[in-house]
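One-letter residues, chain by chain:
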Amino acid sequence: MTMRAATAADLDAIMALERASFPTDAWSDAMMREELASPHGWYVVVEEAGRLIGYAGLRAARGATDADIQTIAIASAARGKGRGRVLLTALLEEAARRGVRHVFLEVRADNPVAQALYASEGFAEVGRRPRYYQPDDVDAVVMRLDVRGWASRPGAGADTGAGAGVRAGAGGGAGAGTDAGWRITPAKPDEPSASAPESRGSSPDGAAKSRSYAPLGTHNDAGACT
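Model, not experiment: these values are computed from the prediction.

About the cut-offs
- Residues numbered from 1 in each chain as written.
- Predicted model: local features only at pLDDT ≥ 70, side-chain atom pairs only at ≥ 80, totals over all residues.
- Heavy atoms only, no water.
- Core = buried A, V, L, I, M, F, W, Y, C linked by side-chain atoms within 4.5 Å.
- Buried < 20%, exposed > 50% of the residue type's maximum accessible area, 1.4 Å probe, protein only.
- Helix = DSSP H or I, 4+ residues; strand = E, 2+ residues; numbered from the N terminus.
- Arc of directions from axis to C-beta.
- Contact = heavy atoms within 4.5 Å.
- Pairing = 2+ DSSP bridges.

With respect to the nonpolar core
- Ranked by size, the top nonpolar core spans 48 residues in total, and within it M32, I69, V103 and F123 carry the most contacts.
- Considering every element that reaches this core, the biggest residue donor is helix α3 (residues 83–97), with 7 residues.

Structure below.
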């Protein structure tokens, strides 16, 4: 498996996997193209035998202290081998390189496997968004990671020589080997700032945390693939 930075030339392959992984709420080609081109985004792909088998994205504006995991997807035939954790680790490494303090995500409340994976990397629940996932009427669990604490853990971000400046480590613990497609819908540059309390659960110190918004009726989901 090789990892490299995603480019516009990957759009068709990414969208084929996008539609297979998220059949009911796949992003449009235009949305994905915008994500790949955004100066606030950082996307990588993984390939085997010249075929794209996964992709992942982070939204972390330069100089910002908060970031969001946007999406992670692994082709069905390539799942169950820890590749999702490798992609997650790559995103967290980039967040650390950008000086991010906290990384956020949302995951379905009825997906304990994905929640266990994130918890094993240090994510903690900080709130819920009631009935966020429609038409299923499922709550979104909002999770947050202290990036500095994560980076200081033994073995965090081990360099695997993935290329494209990416350092990725497979890791172990709960959720190892669980991967497929975690969905986080991208925040758009012209959307409201990170201040709407209804968009993120409040943190333990009472500060409302709001990061990503769901454009065009889509929803954030960081666990659709486990």
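Don't stop here, the text continues.
Here's the deal with helix α2 (residues 29–37)
- All of the buried residues along α2 are M31, M32, E35 and L36. All buried residues of α2 project into a common sector of 135 degrees when viewed along the axis, lining one side.
- In this structure, the buried residues of α2 make contact with α1 (11–21), β2 (41–48), β3 (51–59) and β4 (66–74).

Regarding the pairing of β2
- Counting buried positions along β2 yields 7 of 8 residues, so the element is predominantly enclosed.
- As defined by bridge partners, strand β1 (residues 2–5) adjoins β2 across 4 bridges and the pair is classed as antiparallel. In the strand pairing of β2, R4 is matched with V45.
- Strand direction decides the pairing type here: β2 and β3, joined by 8 bridges, are antiparallel. Bridge pairing links G41 to R59 in β3.

A few points about unusual backbone geometry
- Phi at A49 is positive, roughly 55 degrees, even though this residue is not glycine.
- With respect to the helices and strands, the residue A49 is situated in the loop between β2 and β3.
- With phi around 60 degrees, D137 is a residue other than glycine that occupies positive phi space.

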